[in-house]
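Here is what each chain is made of, one letter per residue.
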Amino acid sequence: MRNILIFLYQWLIFVPIFILLTLTTALIVIVMTPLFGNKFWGYYPPKWWSRLTCWLALCRVKTRGHENLKPGCSYVFVPNHQSAFDIFLVYGFLNQNVKWVQKQSLRKIPFVGFASEKAGHVFVDNSSPAARAATIQRAEKQITDGVSIVIFPEGARSKTGQLGRFKRGAYLIARDMKLSVVPLTINGAYDVLQRGAFRLNPQ
């Protein structure tokens, strides 16, 4: 019975509202960032989009460790990557103004890809060593005035929930800019929505 109720809730309530929230947030970012910059408008609308998505998915979110971060400092955050919900958790509940280093394929998502570009997020180009170096340079330009950057060092979502091998891009940025690397541990997101799955499992 629970599975039937979750299925109906997901497709009749969660998905339509999520699509509406996503389109609204993307349009706000696309319109407002060229006028007023992306430090505020590239962060706060997506932050609340992320929070609302987690609450709408009936997820209970607990965070800790914020007291260890210095206000106004920039960091390189490196979370583990269990699920698509990792993005909502970090964006919505880290409480740090961040830019993402993300896969080039995300640029192709209608509205969202263009909004991400306007928000100042950096798309990874792995086509050549020079392209990868240019990606790192673009990421470094975004880390100013207390803005931090987020990179999933595994590069892709885990297929099993277990931690994968780390790539070195986050550490090169941290080394070049003399920034602290802050690991983020995400627990439970894999159970909410596994890679390749289409059914939510609220936790």
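Right above here is the structure, for reference.
What you see is a predicted model, and the numbers here were worked out from it, not measured in a lab.

Describing the side chain of Gln 82
Item 1. On the secondary structure map, Gln 82 appears in the loop between β1 (75-79) and α4 (85-93).
Item 2. Non-local contacts of Gln 82, meaning those with residues more than four positions away in its chain, are made with Arg 157, Ser 158, Gly 161, Ile 186, Asn 187, Gly 188, Ala 189 and Tyr 190.

Quick look at the state of the cysteines
Item 1. By the definition in use, this model includes zero disulfides.
Item 2. Here Cys 54 is not disulfide-linked; the sulfur of Cys 59 is the nearest cysteine sulfur, at 5.8 Å.

A word on the nonpolar core
Item 1. With 15 residues, the main nonpolar core has Phe 77, Val 90, Val 98 and Trp 100 as its most contacted residues.
Item 2. Of all the secondary-structure elements, those providing two or more residues to this core are β1, α4, β2 (98-102) and β5 (180-184).
Item 3. Apart from residues lying up to four places away in sequence, Val 90 is in contact with Pro 79, Trp 100, Val 150, Leu 184 and Ile 186.
Item 4. Counting 13 residues, the second largest nonpolar core, distinct from the first, contains Val 76, Ala 139, Ile 151 and Ile 173.

What about the packing of aromatic side chains?
Item 1. Tallying each qualifying case throughout the model produces 14 aromatic pairs.
Item 2. Relative to Phe 18, the ring of Phe 14 lies with its centre 5.7 Å away and its plane at 5 degrees, an arrangement referred to as stacked. Here the residue Phe 14 and the residue Phe 18 both occupy positions in helix α1 (residues 2-36), the gap between them amounting to four residues, near one helical turn.
Item 3. A ring pair is formed by Phe 18 and Phe 88, whose centres lie 5.9 Å apart and whose planes are at 80 degrees; its orientation type is edge-to-face. Here Phe 88 lies in helix α4 and Phe 18 lies in helix α1, a separation of 70 residues in the sequence.
Item 4. Taken together, the ring pairs connect Phe 40, Trp 41, Tyr 43, Tyr 44, Tyr 91, Trp 100 and Phe 152 into an aromatic cluster.
Item 5. The aromatic ring of Trp 48 is capped on one face by Arg 51, whose charged end is 5.1 Å from the ring centroid.

Thoughts on helix α3 (residues 44-56)
Item 1. For α3, spanning 13 residues, the distance from its first C-alpha to its last is 18 Å, which sits close to the expected 18 Å at 1.5 Å a residue.
Item 2. Buried within α3 we find Pro 45, Pro 46, Lys 47, Trp 49, Ser 50, Arg 51, Thr 53, Cys 54 and Leu 56.
Item 3. Contacts from the buried residues of α3 go to α1, α2 (38-41) and α4.

Here's the deal with the side chain of Ser 158
Item 1. With respect to the helices and strands, the residue Ser 158 is situated in the loop between β4 (148-151) and α7 (169-177).
Item 2. Accessibility expressed as a relative area gives 7% for Ser 158, which makes it buried.
Item 3. Among the polar contacts listed, one links the side chain of Ser 158 to the backbone oxygen of Gln 162, at a separation of 2.9 Å.
Item 4. Leave out the neighbours within four places in its chain, and Ser 158 touches His 81, Gln 82, Tyr 190 and Arg 195.

Quick notes on the pairing of β4
Item 1. The alternating pattern of β4 places Ser 148 and Val 150 and Ile 149 and Ile 151 on opposite faces, both of which are buried.
Item 2. Where β1 and β4 come together, two bridges link them in parallel fashion. Bridge pairing links Phe 77 to Val 150 in β4.

Quick notes on the packing of α1 against helix α5 (residues 112-119)
Item 1. Where α1 meets α5, the closest approach of the two axes is 9 Å, and the angle between their N-to-C directions is 40 degrees. With respect to each other, α1 and α5 are oriented oblique. The element α1 and its partner α5 pack so that their crossing is left-handed. In this structure, α1 contributes Thr 22, Ala 26, Val 29, Ile 30 and Thr 33 to the contact, and α5 contributes Val 112, Phe 114, Ala 115, Lys 118 and Ala 119.
Item 2. Its residues placed into classes, the contact of α1 with α5 shows seven nonpolar, two polar and one charged.

Some details on the pattern of salt bridges
Item 1. Overall, the coordinates contain two salt bridges when judged by the stated rule.
Item 2. Ionic pairing is found between Arg 175 and Asp 176, a salt bridge with its closest N-O pair at 3.3 Å.
Item 3. You can call Asp 176 partly exposed: its relative accessible area is 43%.

Rules used throughout
Residues numbered from 1 in each chain as written. Predicted model: local features only at pLDDT ≥ 70, side-chain atom pairs only at ≥ 80, totals over all residues. Heavy atoms only, no water. Helix = DSSP H or I, 4+ residues; strand = E, 2+ residues; numbered from the N terminus. Contact = heavy atoms within 4.5 Å. Disulfide = S-S within 2.5 Å. Core = buried A, V, L, I, M, F, W, Y, C linked by side-chain atoms within 4.5 Å. Buried < 20%, exposed > 50% of the residue type's maximum accessible area, 1.4 Å probe, protein only. Phe/Tyr/Trp six-rings, centres within 6.5 Å; stacked < 30°, edge-to-face > 60°. Lys NZ or Arg CZ within 6 Å of the ring centre and 35° of its normal. Expected span 1.5 Å × (residues − 1). Polar contact = N/O pair within 3.5 Å; in protein donor to acceptor, adjacent residues only side chain to side chain. Pairing = 2+ DSSP bridges. Axes fitted to C-alpha atoms, helices over the stretch in contact; angles between N-to-C directions. Parallel < 35°, antiparallel > 145°, perpendicular 65-115°, else oblique. Left-handed = near helix turned anticlockwise from the far one by under 90°. Nonpolar A, V, L, I, M, F, W, Y, C, P; charged D, E, K, R; others polar. Salt bridge = Lys/Arg side-chain N within 4 Å of Asp/Glu carboxyl O.

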